[in-house]
Structure formats: structure tokens, C-alpha cells
Amino acid sequence: MQWSHASLQKAAQETVRKLMGVREKAPHAPGARKKAYVLPDPLAEGEDPRVAPDGTRLFNPDWAMDVDRGVNGELVQAAVVVVRQNADVYKVPQREVEDDETLRSAVVTYFQGLKRQYQSTHDELLANKRQKKLGDDKHHARRHRKADWIRMGLLSFRKAFGFEQTEGVDELVHTPWQSDEHSDEGDATHQDWLAARQASQAGPNALEVRGLTWRSQKLLTLYVVLSVFARFTRDFPELAARDPAVGVKGEDLSADSEAVTKARAEYLEEVMSAAREWRTIYANNWQHLGRFRGPAANDREVPRTDRRHTIFKDCFSRKWAKKSPEHARLFAKALELPSTFTVFDLEIPEDLIPEDDREWLKGLLDDENEASGSGDESAEDE
């Protein structure tokens with residue numbers, strides 16, 4: 001059985017730390033997302049166990065041993081006993097207190113996490129591996145949040161243009177297709193990186209958005225527009241909640257009726273009116289710019305591919321496809337856009353795109369109306 005209750009998790013964690021005499025956290029380690037507790041070293045041979053002020057034994061785990069061996073097993077067993085004794089204090093459900101496997105699982109899970117932490121800070125190879133994982137997790141989380149942010153605009157976008165006219169849009173917003181955001185200079189020179197930040201009037205804590213050069217101008221434009229609708233949904237929830245296809249009395253209207261066409265135009269005008277006040281999708285009311293498009297040296301050439309997310313031909317930049325045989329091969333293998341997808345046929349009003357983003361998109365056009373994608377299109381306004 002897997003433990004799940006938050007109170008049991010808290011009880012297990014606090015008990016294990018108390019039995020080790022652990023209270024303080026170390027300063028932030030490079031790449032770490034939060035401070036970590038300072039863990040005790042194993043006892044030297046012949047060294048006496050530590051004791052708490054109340055005479056209770058304090059455990060010094062042997063972090064190189066398995067969880068059920070020696071002092072580690074003793075710590076786990078002692079923690080199980082203490083958690084059970086203090087179940088009422090932590091409000092742990094009775095069914096979890098009575099289940100030995102559930103109780104022990106909570107303790108062991110936390111111990112294993114501490115073990116990985118200790119080993120990563122005392123072994124250079126493991127430390128490098130842990131820092132890489134922390135970095136990968138951080139950047140994946142940022143891409144995931146960006147995809148979620150874009151999805152926030154899907155419903156209002158489809159209401160404004162019509163559901164039949166926006167078929168397929170749900171299949172074009174995926175986490176792996178979002179670009180990374182970094183606080184370091186990457187492969188760019190310090191001068192180029194600083195110039196890109198200053199050109200965007202971004203603050204010193206702004207994150208650099210690294211472009212994905214494989215993305216087509218069609219896809220980039222769609223992401224910009226969806227970001228506009230996402231911000232409209234967030235900033236004007238009551239206006240965004242309106243449905244042009246629903247009459248004043250709550251009745252469903254015909255999608256091709258004159259009344260719906262007029263209501264959609266009015267809805268779209270509300271969004272464009274808001275967008276005219278925004279210089280870019282990166283601007284916030286409380287923070288001028290939280291992101292800036294970085295130098296081309298930090299762009300990513302190769303798409304992140306998996307079996308769940310099909311990258312269709314129209315999603316690839318023709319200019320990118322001509323840059324190398326490998327790019328051409330990926331483009332040639334890509335599937336054509338399904339005939340049911342209508343979203344790329346939309347005529348996007350220019351006023352729907354904030355001024356700076358409109359200029360950026362124009363700068364990406366090549367002879368085939370395709371872009372190199374040297375920047376990003378979406379922003380989660382944090």
C-alpha cells in the first residue's frame with residue numbers, strides 16, 4: 001500500500017529529522033531550488049552515539065548502506081514507533097497508523113531522499129548528476145507552465161473565431177514545443193547577452209528565452225495570439241467568460257447566424273482593445289519585462305521529439321529545414337497537417353498582436369513566409 005495522506009508525510013519527515021537532531025538548513029546550493037537540511041555524518045569507528053538534551057539517542061545514519069541495514073534500519077524502526085505514538089498530534093488517519101507497511105513506507109521514502117541528498121553533496125560525480133537533474137527538472141517545469149499558460153487562452157480564442165474555424169489548435173500546444181528560459185548567458189558572449197536584455201528593456205532578474213529555430217512562423221504566430229487570449233482571460237475574466245454563441249436569454253444560437261458573427265466581432269474587439277495597451281506579451285502590470293528574447297547563439301536547433309506529440313509539416317520552418325541534411329530528413333518525414341485542422345487557415349488581425357511581438361514576427365519572415373524562430377512566443381506572466 002502506498003501512503004498518501006499529507007499529515008503522515010509531515011509526521012514521518014519531522015520525526016526522522018528529530019531523531020537525527022537535524023534542525024538547520026544549509027544555504028542554497030548552486031542549481032538547487034530550495035535550501036536543504038544539514039545532515040549528520042556517519043559516526044567514526046568507536047565513536048559514541050550522540051544524545052539529545054533530554055537524553056534521547058540521536059542517530060547518525062550510514063549513508064552508504066541500505067535503508068534496512070545497521071543503524072539505518074534502527075532509525076527507520078524508531079521513527080515508525082514515534083510516528084505511531086504521536087499520530088494524534090499530527091492528525092494521521094487511524095487506518096494509516098495501523099498499517100505497518102504504509103507507516104514504514106512514509107519513513108523509508110523520506111530517508112531515501114535524504115540519502116540521495118547527502119551522497120550528492122559528498123560525491124563529486126553524484127553531485128554533478130544531481131545538479132543536472134535539478135536543472136533539467138527546473139527547465140521542464142518552466143516549459144510545462146508555459147504550455148499551461150497558452151492553454152488558458154484556448155477557450156476564449158475559439159469563442160472569438162469559432163470552433164469550426166479553429167479545429168486542431170488543441171493538438172498544437174505541447175510542453176516539449178516550448179522554449180527554455182535561463183538566467184545564465186549560455187553560449188552567447190556576455191556582450192551579446194547583455195545587449196539582448198537591454199534591447200528588450202528587461203530588468204536584471206529577467207529570464208532569457210531561448211528560441212527553437214525549427215518552429216514555423218505559423219506556429220509562432222499562433223502561440224503569440226494564444227498568449228494574448230490567455231492574458232485577456234486572466235486580466236478580464238468576466239469579459240472572457242462571455243460566449244458569442246449564446247443569446248441574451250441563454251439560448252444557443254446558430255454558429256453561422258448573423259447574431260453570432262456580430263457577437264464574435266465584438267468579443268474579438270474587446271481582446272484587441274486590451275492588446276493595444278500591451279507592448280509585448282512579456283509585460284506585466286507589476287514588472288515591465290520578466291523575459292527577453294536571447295541571442296541566436298543560444299537557440300536550440302533540434303526539436304524535442306516523442307511518440308505522443310506529432311510535429312506536422314506546417315509546424316516546421318522551411319528555412320530551418322534547408323539548413324542541414326538532418327533537418328531536411330526530419331521535415332521530409334513529417335506528416336501533413338490533418339485535413340480537419342482549420343486553425344492555420346485563420347486570418348489573424350494585426351491589432352491582435354502587441355506591437356513589439358508584431359515587429360519580432362515580421363523580422364522572422366523569409367521568402368516562404370517561414371521563420372528561423374530565434375526567440376519565443378509565449379509567456380507565463382509570473
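The shown structure was predicted, so the numbers you read here are calculated from the model rather than taken from an experiment.

Thoughts on the overall build of the chain
Each helix and strand counted, the chain has 14 helices and five strands in total. When each of the 382 residues of the chain is scored for burial, the buried share is 46%. Within the chain, residue pairs in contact and separated by at least 24 positions form 73% of the contacts whose partners lie at least 6 positions apart. Taken as a whole, the chain presents about 20,800 Å² of accessible surface, with 50% of it coming from carbon and sulfur.

Comments concerning the environment of Asp-356
Position of Asp-356 relative to the elements: it lies in helix 14 (residues 355-363). The residues contacting Asp-356, other than those within four sequence positions of it, are Arg-279 and Thr-280. At 2.2 Å, the side chain of Asp-356 and the side chain of Arg-279 are in polar contact.

Looking at the packing of helix 7 (residues 154-161) against helix 11 (residues 258-275)
Running from N to C, helix 7 and helix 11 point in directions that differ by 135°, and their axes come no closer than 7 Å. By the angle between their directions, the pair helix 7 and helix 11 is classed as oblique. Here helix 7 contributes Ser-156, Lys-159, Ala-160 and Phe-161 to the contact with helix 11, which in turn contributes Arg-264, Tyr-267 and Leu-268. Of the residues that constitute the contact of helix 7 with helix 11, the class distribution is four nonpolar, one polar and two charged.

Quick notes on the sheet that holds strand 5 (residues 291-293)
If you walk across this open sheet you meet the three strands as 3-4-5, and the pairing is mixed. Whereas interior strands pair on both sides, the edge strands pair on one side only; in this sheet they are strand 3 (181-182) and strand 5. Note: strand 3 against strand 4 (residues 207-209), two bridges, orientation antiparallel. From the neighbouring strand, Glu-181 faces strand 4, where its bridge partner is Val-209.

Quick look at the side chain of Arg-215
Inspection of the secondary structure puts Arg-215 in the loop between strand 4 and helix 9 (217-235). Separated by 2.9 Å, the side chain of Arg-215 and the backbone oxygen of Trp-177 make a polar contact.

Digging into the packing of aromatic side chains
Taken as a whole and judged by the stated rule, the model has 13 aromatic pairs. Ring plane angle 75° and centroid distance 6.4 Å describe the contact between Phe-316 and Phe-331, whose orientation is recorded as edge-to-face. Of this pair, Phe-316 sits in the loop between strand 5 and helix 12 (318-321) while Phe-331 is found in helix 13 (residues 325-333), placing the two residues 15 residues apart along the sequence. By relative accessible area, which is 3% here, Phe-316 ends up buried. By relative accessible area, Phe-331 is classed as buried at 17%.

Topic: helix 11
Taking 1.5 Å of rise per residue, the 18 residues of helix 11 would be expected to cover 26 Å, and the 26 Å separating its terminal C-alpha atoms lies within 8% of that figure. Within helix 11, burial applies to Val-260, Ala-263, Arg-264, Tyr-267, Leu-268, Val-271, Met-272, Ala-274 and Ala-275. Buried-residue contacts for helix 11 involve helix 7, helix 9 and helix 10 (237-241).

Things to note about helix 9
Given 3.6 residues per helical turn, the α-helix brings residues three or four places apart onto the same face. Along its 19 residues, helix 9 runs 27 Å from first to last C-alpha, staying within 8% of the 27 Å computed at 1.5 Å per residue. In terms of residue burial, helix 9 counts as a mostly covered element, since 15 of its 19 residues are buried.

Comments concerning the environment of Asp-66
Following the sequence through the fold, Asp-66 ends up in the loop between strand 2 (57-58) and helix 2 (70-85). On a C-alpha basis, the gap between Asp-66 and Gln-112 in space is 9.1 Å, while along the polypeptide they are 46 residues apart. Excluding its chain neighbours within four sequence positions, the residues that come into contact with Asp-66 are Asn-72 and Lys-115.

Here's the deal with the nonpolar core
Counting residues in each nonpolar core, the largest one holds 48 residues, and the members touching the most others are Phe-157, Leu-172, Trp-214, Phe-229, Cys-315 and Leu-352. Among the elements that make up this core, the one with the highest residue count is helix 9 (ten residues). Counting residues in hydrophobic clusters, the runner-up holds 29 residues, among them Leu-8, Leu-19, Ala-79 and Ala-87.

Some thoughts on unusual backbone geometry
Outside of glycine, negative phi angles account for most residues, and trans bonds account for most peptide bonds. At Lys-91, a residue that is not glycine, the phi angle is positive and equals roughly 60°. With respect to the element layout, Lys-91 can be found in the loop between helix 3 (87-90) and helix 4 (94-97).

Overview of the pattern of salt bridges
One pass over the full model with this rule turns up 21 salt bridges. Here Asp-180 and Arg-304 are joined by a salt bridge, their closest N and O atoms 2.8 Å apart. Placement of Asp-180 in the loop between helix 7 and strand 3 and of Arg-304 in the loop between strand 5 and helix 12 is noted, with a sequence separation of 124 residues between them. For Glu-269, the salt bridge is made with Arg-276, and the minimal N-O distance between the two is 3.0 Å. Take Arg-276: its relative accessible area is 43%, and that puts it in the partly exposed class. A single network of salt bridges, built from pairs that share partners, joins Arg-143, Asp-180 and Arg-304.

Observations concerning the packing of helix 9 against helix 14
The interhelical angle for the contact between helix 9 and helix 14, taken along N-to-C directions, is 175°, at an axis separation of 11 Å. Our classification of the angle between helix 9 and helix 14 gives roughly antiparallel. Contacts between helix 9 and helix 14 pair Gln-217, Leu-220, Thr-221 and Val-224 from the former with Asp-357, Trp-360 and Leu-361 from the latter. Tallied by class, residues from the contact of helix 9 with helix 14 come to four nonpolar, two polar and one charged.

Regarding the confidence of the model for the chain
Counting all residues, the mean pLDDT for the chain is 85, and 85% of those residues have values of 70 or more. Element-level mean pLDDT values for the chain span from 73 in helix 6 (residues 124-151) up to 96 in helix 7. The model gives residues 370-375 a pLDDT under 50, and that stretch makes 38 contacts with residues more than four places away or in other chains. Across residues 378-382 the pLDDT falls below 50, and counting only partners more than four positions away or on other chains, this stretch makes 25 contacts in the model.

Cut-offs and rules
Residues numbered from 1 in each chain as written. Predicted model: local features only at pLDDT ≥ 70, side-chain atom pairs only at ≥ 80, totals over all residues. Heavy atoms only, no water. Helix = DSSP H or I, 4+ residues; strand = E, 2+ residues; numbered from the N terminus. Buried < 20%, exposed > 50% of the residue type's maximum accessible area, 1.4 Å probe, protein only. Contact = heavy atoms within 4.5 Å. Areas by Shrake-Rupley, 256 points an atom, 1.4 Å probe, with all protein chains shown as cover. Polar contact = N/O pair within 3.5 Å; in protein donor to acceptor, adjacent residues only side chain to side chain. Axes fitted to C-alpha atoms, helices over the stretch in contact; angles between N-to-C directions. Parallel < 35°, antiparallel > 145°, perpendicular 65-115°, else oblique. Nonpolar A, V, L, I, M, F, W, Y, C, P; charged D, E, K, R; others polar. Pairing = 2+ DSSP bridges. Phe/Tyr/Trp six-rings, centres within 6.5 Å; stacked < 30°, edge-to-face > 60°. Expected span 1.5 Å × (residues − 1). Core = buried A, V, L, I, M, F, W, Y, C linked by side-chain atoms within 4.5 Å. Salt bridge = Lys/Arg side-chain N within 4 Å of Asp/Glu carboxyl O. pLDDT = per-residue confidence, 0-100.

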